[in-house]
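Here are the chains, one letter per residue:
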Amino acid sequence: MQRRTWLETAAVWSVLSTAGHAQTHKPSSTAPLRVGLTAVILADQAAFLTRWSDYLAARLGLPVVFVARESYQAILDLLFSEQLDAAWICGYPYVMHQSRLQLLAIPLLAGRPYYQSYLIGQPNKASAITGWNDLKNRVLAYSDPLSNSGWLVAQAQLRRAGLTSKDLRRSFFAHGHRNVAEAVASGLAQAGCIDGYVWDTMQLQNMAAAAQTRVVWRSDWYAFPPMVNLLGNKNPALPAFGAALQNMFTDTQGQSLLKALNLSGFATPDATLFEPIKALAASVGALRA
Amino acid sequence: MLPRFPYRVQIPLGLALAVTLSVLLVSIVAARISARNAQLEIVNRVQSIVELLAAQGKPLLAQDDTWRAYTLLRNASALLPQTAKGQSRAALLDAQGRFLAASDPRRLPTGEQALGVLINGRLLPAVSDATRTKTLTTPDGGMALIEPIRSDDAQVIGFVFAEVDAAAFDPDWAALSTPAVIGAALAILLLVPLGWLLGRRMARPIAQTAKCIAQIGHTDPEQLQLLLPYVKDPELERIAGAVRQLLIETSARQANAQRALSAERLAAVGRITAAVAHEINNPLAGLITATRTLRLHGDQPEARNRSLGLIERGLQQVRTITTALLPQAKVEDRCMTPADLDDMLTLARATAAQQLVIITSEVDVQAELCVPSTVFRQVMLNLLLNAIRAAGQDGQVHARLFVTPDKVSFILANTGKHFSDERLQKRLMTNDGNDPHGFGLWICHEFAVRYGGGFTADQAADIPPPFTTRLNFWLPNLARHDPQKSAAD
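Just so it is clear, the structure is predicted and the values come from calculations on it, not from any experiment. (Residues numbered from 1 in each chain as written. Chains lettered and ligands numbered in written order. Predicted model: local features only at pLDDT ≥ 70, side-chain atom pairs only at ≥ 80, totals over all residues.)

A.B. asks: Where do I start with the overall build of chain A in this structure?
C.D. replies: Looking only at helices and strands, chain A features 11 helices and 13 strands. Within chain A, the proportion of its 289 residues that are buried is 52%. Sequence separation of at least 24 residues holds for 81% of the intrachain contacts in chain A that already meet a minimum separation of 6. (Helix = DSSP H or I, 4+ residues; strand = E, 2+ residues; numbered from the N terminus. Buried ≥ 20, exposed ≤ 12 C-beta atoms within 10 Å, placed from the backbone. Contact = placed C-beta atoms within 7 Å.)

A.B. asks: What is the right way to look at the overall build of chain B in this model?
C.D. replies: When helices and strands are tallied, chain B shows 10 helices and 12 strands. The long-range share in chain B, meaning contacts at least 24 apart out of those at least 6 apart in sequence, stands at 65%.

A.B. asks: Explanation requested: the interface of chain B and chain A in the structure shown.
C.D. replies: How big an interface is tends to be stated in terms of the accessible area lost upon association of its parts. Across the contact, 8 residues belong to chain B and 13 residues belong to chain A. Take the side of chain B that touches chain A: its biggest share by element is 3 residues, from helix α2 (residues 66–76) of chain B. Across the side of chain B that touches chain A, the residue classes tally to 4 nonpolar, 3 polar and 1 charged. (Nonpolar A, V, L, I, M, F, W, Y, C, P; charged D, E, K, R; others polar.)

A.B. asks: Is there a simple way to explain the packing of helix α2 (residues 46–60) of chain A against helix α10 (residues 252–261) of chain A in this structure?
C.D. replies: Two quantities define a packed helix pair, namely the angle between the helix axes and the distance between the axes. All names here are of chain A. Running from N to C, α2 and α10 point in directions that differ by 145°, and their axes come no closer than 11 Å. Pair α2 / α10 crosses with left-handed handedness. Across the interface between the two elements, Phe48, Arg51, Trp52 and Tyr55 from α2 touch Gln253, Gly254, Leu257 and Ala260 from α10. Each residue belonging to the contact of α2 with α10 can be placed in one class, and the counts come to 5 nonpolar, 2 polar and 1 charged. (Axes fitted to C-alpha atoms, helices over the stretch in contact; angles between N-to-C directions. Left-handed = near helix turned anticlockwise from the far one by under 90°.)

A.B. asks: Can you help me understand unusual backbone geometry in this one?
C.D. replies: All names here are of chain A. The phi dihedral of His175 is positive, around 60°, even though this residue is not glycine. Mapped onto the fold, His175 is located in the loop between β8 (170–173) and α6 (177–186). When the 25 C-beta atoms within 10 Å are taken as the criterion, His175 is described as buried. Despite not being glycine, Asn262 has its phi angle at roughly 60°, a positive value.

A.B. asks: When you look at the environment of Leu263 of chain A in this model, what are you seeing that I'm missing?
C.D. replies: Residue and element names in this part refer to chain A. On the secondary structure map, Leu263 appears in the loop between α10 and β13 (265–267). With 20 C-beta atoms counted inside 10 Å, the residue Leu263 sits in the buried group. Distance in space between the C-alpha atoms of Leu263 and Gly111 is 8.0 Å, their sequence separation being 152 residues. Ignoring any residue separated from it by four or fewer positions in sequence, one finds Leu263 in contact with Pro107, Leu108, Leu109 and Leu258.

A.B. asks: I would appreciate a short explanation of helix α7 (residues 338–355) of chain B in the present structure.
C.D. replies: Given 3.6 residues to a turn, an α-helix orients residues that are three or four positions apart in the same direction. Residues and elements named next belong to chain B. The terminal C-alpha atoms of α7, which comprises 18 residues, lie 26 Å apart, in line with the 26 Å expected from a rise of 1.5 Å per residue. At Arg349, α7 shows its largest bend, some 35°. Three or more residues of α7 are buried, namely Asp340, Leu341, Asp343, Met344, Leu347, Ala348 and Ala352. Leu356 lies just past α7 and shows a positive phi near 60°. (Expected span 1.5 Å × (residues − 1). Bend = angle between axes of the 7 residues up to and from the residue.)

A.B. asks: Help me understand the confidence of the model for chain A in this model?
C.D. replies: In low-pLDDT segments, the atomic positions of the prediction should not be examined closely. This prediction gives chain A a mean pLDDT of 87; 87% of its residues lie at or above 70. Overall, residues 1–28 of chain A carries pLDDT values under 50, and its contacts beyond four positions in sequence, including any with other chains, amount to 42 contacts. (pLDDT = per-residue confidence, 0-100.)

A.B. asks: So what exactly am I meant to see when it comes to the sheet that holds strand β6 (residues 117–121) of chain A here?
C.D. replies: Within a sheet, adjacent strands bond to each other through the backbone by hydrogen bonds, running parallel or antiparallel. Residue and element names in this part refer to chain A. With respect to topology, 5 strands assemble into an open sheet ordered β8-β7-β9-β6-β10, the strand pairing being mixed. Each end of this open sheet is capped by a strand with a single partner; those strands are β8 and β10 (214–218). Adjacent strand axes in the sheet meet at a mean angle of 25°, parallel and antiparallel pairs treated alike. Sheet topology note: the β6/strand β9 (residues 191–195) ladder contains 5 bridges and is antiparallel. Counted as the bridge partner of Tyr118 is Ile194 from β9. Packed on one face of the sheet, helix α5 (residues 148–160) meets β6, β7 (139–142) and β9 and runs near 120° to β9. (Pairing = 2+ DSSP bridges.)

A.B. asks: Any chance you could explain the sheet that holds strand β1 (residues 33–37) of chain A here in plain terms?
C.D. replies: Residues and elements named next belong to chain A. One open sheet holds the 6 strands; their spatial order is β2-β1-β3-β12-β4-β13, and the pairing between them is mixed. Two strands bound the open sheet, and with one partner strand each, they are β2 (64–68) and β13. Shown here is a sheet whose adjacent strand axes are inclined to one another by a mean of 25°, direction ignored.

A.B. asks: Would you mind going over the pairing of strand β6 (residues 143–150) of chain B with me for this structure?
C.D. replies: Side chains on a regular strand alternate between the two faces of the sheet. Residue and element names in this part refer to chain B. Burial of β6 is extensive: 6 of the 8 residues sit out of reach of the surface. Note that strand β5 (residues 134–137) and β6 share 4 bridges and pair antiparallel. By the bridge assignment, Leu136 is partnered in β6 with Ala144. Once β5 ends, the chain turns through 5 residues before running back antiparallel as β6, passing Gly141 with a positive phi of about 105°. Relative to strand β7 (residues 156–164), β6 runs antiparallel, the two sharing 8 bridges. Its bridge partner lying in β7, Leu145 is registered against Ala162. Between β6 and β7, which pair antiparallel and follow one another directly, the connecting turn spans 5 residues, one of which, Ala154, has a positive phi of 70°.

As structure tokens, this is what we get:
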């Protein structure tokens, strides 16, 4: 609750700040571009979001507002109800709603549009888990029911290990990758499924929850959570927004923002990159759309 | 140790000690009260938090949302006592009594059974027994609270569990003692200089009084009275008043002593006058007798010469006595001769005749004789007159002059009252000359001491009966040492 309130406060602050900045470029009547953020990134850093929205607004010529929500579904709901122009969502909801969504850009991690899912556990414990087979009668934390790395990959691996949800003592959703790390670090769960990019970024930023956990298992490489918009959205700023993202690596300010995001850039959309996720969802019977 | 210090040190130290002791006692009492209140406060606080968790946790239990339950418990447990030290914790339990989430998941693991099993050494009631609020205590003072959470239709959908270890009820000694120590330090900072001033002010009249007491005997009491302080403090005023009274009495005593001294001086003058009169009166009595003899028998040459010689020697004795009274005078005295004994016997016989006392005498001169004639004559006359008085009516007195090369002795025995040596010495020691009745004996003793002789009483072995004791006065015979020299006084 506290975190959500904080995020909303940051978002509002970003709006005000951006609006003020945008007046130097465009008339105040210009509608802002609203971009939804999910737990695919560490989105609760107000100063960074302000800098990023300022950066994008300067290039788009209109204000950019980031709207953060804890759950992927909440952002999807806003996107589908056209309260958002674009959203940074996970690959799994993208493949679920691929027919209604359009890719704007795909982030590049270390120059590649891929990331991994991690199974993390508690370090230096006599009863520490070493793999999926050790999860029987343990507590497992997921990130979000619409997360590829934080739920879908885990379902496939549990199935491969011959385990079902009933074999776990308990499982729960922590409503964000960062919370998964904190749940494992605090002992609330013995293991957690987390976005590898988020965990690496947390460790890069010396966050305690990352320091108090260890990676037990790494998944195959999957397409990085993409920036999408609702198919049929005629907002003329959207193509420019995609281009601005893809061109961030070309200037110093953009590089600085990318470094803060622990990304190397944004790539041109390529829907084929998400086929493995689609196949994974199909394998566990989770491709509902 | 404290009483050895002066008041200006004692008082601030005493105040500081009193404050410290007070703070210590107050802290102990406050700690006990605080411990009791803290326990009640903790119980009330835990109950409030449990009620809060029951209200907030209800939708989370309904949604089976472990993470949000955890964040709720984590935030709410900050209100529990000593959570940071791990001495209290809270949890939400599902309808089966398993931990949905806990503020300290490591001690209260997610998904494990809580109700009906031992948790941290405490057996929790079974689910069926936890339909009402349960408060559990442990012998060491810890407590646990279990509150059922019900749905709108009164179905139990879960529980709130809160646990507080006994250590959380311990008084926070550091927190309790810190203000007390600060207060004591501030009080001491204030009281030490104040006490020093008070002590100095209080000690000033005492020191002044002590100074007056120390000067008693060295300074005029009337002047000392002026130095005594006038104070309002009743105890000090009593001390100063007592000293003042002492000084008044000392002053009065000194005045009395001065008066006594004057009286003593007058008495001494009187005694000297009496002594001189006594010493002069004795030869005068003989001289008067000699003049009567001369008047009656002056026509006989032998009697006339003898009486004139007696008168001359008697006058010479008086002259010598009066000259000796002049302190600057150097008295030249002649050596005594056996004729001096005859003179004294002649002078004494007049008195002896009045009491019918028989006087016999003998002279045993075995060596040349030289002792101060005036002294020896006076001693012989004194002892003869005393012996006549002691012999009484019809008594006998025997006098003997015994001269050896070493000493000249005058031995006298009498019938009637007599002295033993012990009695004589006691009389001489106790009689310092103030008793006119023993004055003659005392004079003899003083002469013996002054001239290196002796004055004793002993058995009259060498004197035929009826005499039993004798008085023996002797002086060193100066003829042995320097026969040419006069017996200078």
